[in-house]
Amino acid sequence: MNKYTPIIGLEVHVELKTNSKMFCRCTADYFGKEPNSHTCPVCLGLPGALPVPNKTAIDWCIKIALALNCKINEFSKFDRKNYFYPDLAKGYQISQYDLPFGHDGYVILGSNATPESNQKKDAGQASMTKEKRIGITRVHMEEDTGKLTHAYGASLIDFNRSGVPLVEIVTEPDFHDAADVKEYLQKLQQIVRYLEVSNADMEKGDMRLEPNISLTTDVKVLPNYKVEVKNINSFRFVEKSITFEIKRQTEILEKGETPAQETRGWDENRQKTVSQRSKENAHDYRYFPEPDIPPTTHTKAEISSLKKSLPELPDEKMVRFAKIYALPVYDAEILTRERSLADYFEEVVSLCHPELVSGSQKQEMPKRVRHDITPKEIANWIINKKIDHTQITPDELLTQITAAKQTIAIDETELVKIITEVISENEQAVTDYKSGKENALMFLLGQVMRKLGKKVDVQMVKEKIKQQVA
């Protein structure tokens, strides 16, 4: 057993999908556009250009903080983070230091651990999961940098991304394994998508992941170093980088040495992290208040209004689905992974059971109601058939389910004749059933249904077989 315990904290950068950039009126829709075609004097840092904060971006940053159970600073400000790098035109980044918009929040992992978790899933028995609280240190607002491309012995800079609103979410060093890190990141991606403030598409750089990793022999004492792996754009790569770093750092510590405090990158081709530069401390950035932007204030009423505007978040929705619609947690978790799929499910349910759907949706319910289809049947159909909810309307889905439920009447004499044939052809199965093997009955049922070749009431056929073999 490894005597070292990993101590892992996370920094996650989330690009907001506002119409314009953080401090200028350039469009924030830069992906795939011609390089350096979406810029202006402000986002290029030209002399005399003054930044003007994007109010929508600030409100969305606060919404993210509230969704992560953070306290909100009523008085906040922007700061200059000074460092020199080619993708930073001004020589500093407008960020936040000591007064971020949100601080001291938390996320609960393993929150599927409810009594319903013991219900059987389609693919086996669900297991209880232990809840774990991950502290959120801060949620702050900043501007994104330009993008560097290294090719053919040269470095090219595209400033289209420079100035795009970027929210940084920093956790406490509360993770001890890669599995919890992945669960947290998936939950965070889900939350920002529910809030509709970011697409959180990692392939496009909307969400960038940076684990800080170190090892200790005593979890009560933080190590005197940490290694940050920068700008990862995949949950899988995060897991790989953490696993690699644990092995690499263990080997260094076993030699009696201390790993260097540095920034590294994940090299997918070589399946390893590679050193980039020594890790800076806060004082290296020479933070000071941004002189061109006045401090920001929010009243308690304004913060309360933003909190009330939050949608029902994934964990709450999952619990409600399990309770109100009598679904196993497994089903509820799948249906609530995406807000659009959850809304689709409830729209279908409203056509059958309007009394179950929340009051805010009752006003839009159609008059035609189909009580014969249960929420569980709807959930099964959506999950097992992998329904594309963007292509099949709720009405069309119910038509499919109704058609599948319809059975054909069959002459009882014909049914008894077929059952008699099956019994005579499968004497061992009859003997097994009589000895208490329930699977034998299901085998006989399958043989009868095959001979019938029609969609009939399965329960009725099963009862007839029981009568015949009794």
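Within any chain, residue numbers begin from 1 and follow the written order of that chain's sequence. The predicted nature of this model means local features are confined to residues of pLDDT at least 70 and side-chain atom pairs, given and counted, to a pLDDT of 80 or more, with totals for whole chains, interfaces and linings taken over all residues. Excluding hydrogens and water, the side-chain values take into account all heavy atoms of the structure.

Each helix is a run of H or I in the DSSP string that is no shorter than four residues. Each strand is a run of E no shorter than two, and both are numbered from the N terminus. Mapped onto the elements, Lys405 comes out in helix α10 (residues 394-405). Relative accessible area decides the class of each residue, using a 1.4 Å probe on protein chains only: under 20% of the type maximum gives buried, over 50% gives exposed, and in between gives partly exposed. In this structure Lys405 comes out as partly exposed when scored by relative accessible area, which is 36%. Residues Lys405 and Asp457, spaced 52 residues apart in sequence, show a C-alpha to C-alpha distance of 8.9 Å. Note on definitions: a residue-residue contact is assigned when non-hydrogen atoms from the two residues lie within 4.5 Å. For Lys405, the residues in contact, after removing those within four places along its chain, are Asp372, Ile373, Glu377 and Lys455.

This next bit is on the pattern of salt bridges. Salt bridges are defined by distance alone: a side-chain nitrogen of Lys or Arg within 4 Å of a carboxyl oxygen of Asp or Glu. Enumeration according to the criterion identifies 33 salt bridges in this entry. We note a salt bridge from Arg264 to Glu262, for which the minimum N-O separation is 2.7 Å. Like Glu262, Arg264 is buried. With a shortest N-O distance of 2.4 Å, Lys376 and Asp331 are connected by a salt bridge. Separated by 45 residues along the polypeptide, Lys376 in helix α9 (residues 375-384) and Asp331 in helix α6 (residues 329-335) bring together distant segments of the chain.

Attention shifts here to the sheet that holds strand β1 (residues 5-15). Spatially, 9 strands are ordered β2-β6-β9-β12-β1-β13-β14-β15-β16 in an open sheet, and the strand pairing comes out mixed. Strands with a single pairing partner mark the edges of an open sheet, and in this sheet they are β2 (71-72) and β16 (272-278). For two strands to count as paired, DSSP must find a minimum of two bridges between them. Across 7 bridges, the pairing between strand β6 (residues 102-109) and strand β9 (residues 132-143) is antiparallel. Within β9, the position partnered with Leu109 by the bridge is Lys132.

Below, the discussion takes up the state of the cysteines. Two cysteines whose sulfur atoms are joined by a covalent bond form what is called a disulfide. We call a pair of cysteine sulfur atoms a disulfide when they lie within 2.5 Å. By the definition in use, this model includes 0 disulfides. Cys70 provides the cysteine sulfur closest to Cys61, a residue in no disulfide bond, and the two sulfurs are 9.2 Å apart. Look at Cys61 and you get buried, because its relative accessible area is 0%.

Source of the domain bounds: an automatic or database domain assignment. If you check the domain split of the protein chain, you get domain 1 (5-303), domain 2 (312-405) and domain 3 (412-469). Distance between the C-alpha centres of domain 2 and domain 3: 35 Å.

To estimate how far a helix should reach, multiply one less than its number of residues by 1.5 Å. If you check helix α11 (residues 412-425), its first and last C-alpha atoms are 20 Å apart, about what 14 residues at 1.5 Å a residue would give, namely 20 Å. Taken together, the buried positions of α11 are Leu415, Ile418, Ile419, Val422 and Ile423. What you see down the axis of α11 is that its buried residues fit within an arc of 140°, all on one side. Facing away from the buried side of α11 by more than 90 degrees, the exposed set consists of Thr413, Lys417 and Glu425. Considering only its buried residues, α11 is in contact with α12 (427-434), α13 (438-452) and α14 (458-469). What qualifies as a polar contact is a pair of N or O atoms within 3.5 Å, subject to a donor-acceptor requirement within protein and to the restriction that residues adjacent in sequence count only when both atoms come from side chains. Regarding α11, its N-cap is Asp411, as a side-chain oxygen of that residue lies 3.0 Å from the backbone nitrogen of Thr413 further along. The reported arc concerns the directions from the helix axis to the C-beta atoms and nothing else.

Not every positive phi belongs to a glycine, and Gln271 is a case in point at roughly 55°. Position of Gln271 relative to the elements: it lies in the loop between β15 (262-267) and β16. The exposure class of Gln271 is partly exposed, given its relative accessible area of 36%. Backbone geometry places Ala326, a non-glycine residue, at a positive phi of 55°.

Turning to the packing of aromatic side chains, a few remarks are in order. When two rings of Phe, Tyr or Trp (its six-membered ring) have centres within 6.5 Å they constitute a pair, described as stacked for plane angles under 30 degrees, edge-to-face for angles over 60, and tilted for the intermediate range. Counted according to the given criterion, the structure contains 10 aromatic pairs. Ring geometry for Phe78 against Phe101: centres 5.9 Å apart, planes inclined by 80°, an arrangement best described as edge-to-face. Separated by 23 residues along the polypeptide, Phe78 in the loop between β3 (75-76) and β4 (79-82) and Phe101 in the loop between β5 (92-95) and β6 bring together distant segments of the chain. Across the pair, Phe101 and Phe78 agree in class, each one buried. Among the aromatic residues, those joined into a ring-pair cluster are Tyr83, Tyr97, Tyr285 and Tyr287. Only when the NZ atom of a Lys or the CZ atom of an Arg is both within 6 Å of the ring centre and within 35 degrees of the ring normal do we say a charge sits over the ring. Its guanidinium or amino end placed over the ring of Tyr92, Lys90 lies 5.5 Å from that ring's centre, counting from NZ or CZ. A cation sits over an aromatic face here: Lys385 above Trp381, 4.9 Å from the ring centre.

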